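Chain residues, written in single-letter form:
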Amino acid sequence: MKTKNCLTSSIVREETVCDLAIQESKNRCKVFEKKYRISSDKFYNLFTKGKMGDEEELFEWKALIEGIKEWSRTREGLRELITK
């Protein structure tokens, strides 16, 4: 039982890391959204179609959006482990 509690507590801690990473990335995306006056979703759709240019910071914005998606998938996977 002690091992299960340690494992659960480790998973919960990792969920917190995911939550913090997601929030930090969203905050950084908001800076780009304000600068370019466009939502991250709309930007991502346009950027992946080649309609936003090739400035370095646009690639950073794209990476942040993809990072949010990856952190979210990781968090969901962790939650599934706890509920099993």
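Residues numbered from 1 in each chain as written. Predicted model: local features only at pLDDT ≥ 70, side-chain atom pairs only at ≥ 80, totals over all residues. Heavy atoms only, no water.

Student: Describe unusual backbone geometry, naming the residues involved and giving the relevant values.
Tutor: One non-glycine residue with positive phi stands out, namely Arg37, at about 55 degrees. Topologically, Arg37 is positioned in the loop between α1 (2–36) and α2 (40–48). Relative accessible area serves as the criterion here: at 79%, Arg37 is assigned to the exposed category. (Helix = DSSP H or I, 4+ residues; strand = E, 2+ residues; numbered from the N terminus. Buried < 20%, exposed > 50% of the residue type's maximum accessible area, 1.4 Å probe, protein only.)

Student: So, the nonpolar core: which residues are in play, and what are the values?
Tutor: Counting residues in each nonpolar core, the largest one holds 12 residues, listed as Ile22, Cys29, Phe32, Ile38, Phe43, Tyr44, Phe47, Leu58, Trp61, Leu64, Ile65 and Ile68. Of all the secondary structure elements, the ones that give two or more residues to this core are α1, α2 and α3 (56–83). With 5 residues, the top contributor of residues to this core is α3. In this view, Leu58 contacts Tyr36, Phe43, Phe47, Met52 and Gly53; residues no more than four positions away in its chain are not counted. (Core = buried A, V, L, I, M, F, W, Y, C linked by side-chain atoms within 4.5 Å. Contact = heavy atoms within 4.5 Å.)

Student: Before we move on, can you summarise α2 with the specific residues and values?
Tutor: For α2, the set of buried residues is Ser40, Phe43, Tyr44 and Phe47. All buried residues of α2 lie within an arc of 100 degrees about the axis, which places them on one face of the element. Within two residues after α2, Gly50 carries a phi angle of roughly 80 degrees, on the positive side. (Arc of directions from axis to C-beta.)

Student: If you had to explain the environment of Arg13 to someone new, which residues and values would you point to?
Tutor: Mapped onto the elements, Arg13 comes out in helix α1. Accessibility expressed as a relative area gives 47% for Arg13, which makes it partly exposed. Separated by 37 residues in the primary sequence, Arg13 and Gly50 have C-alpha atoms spaced 38 Å apart.

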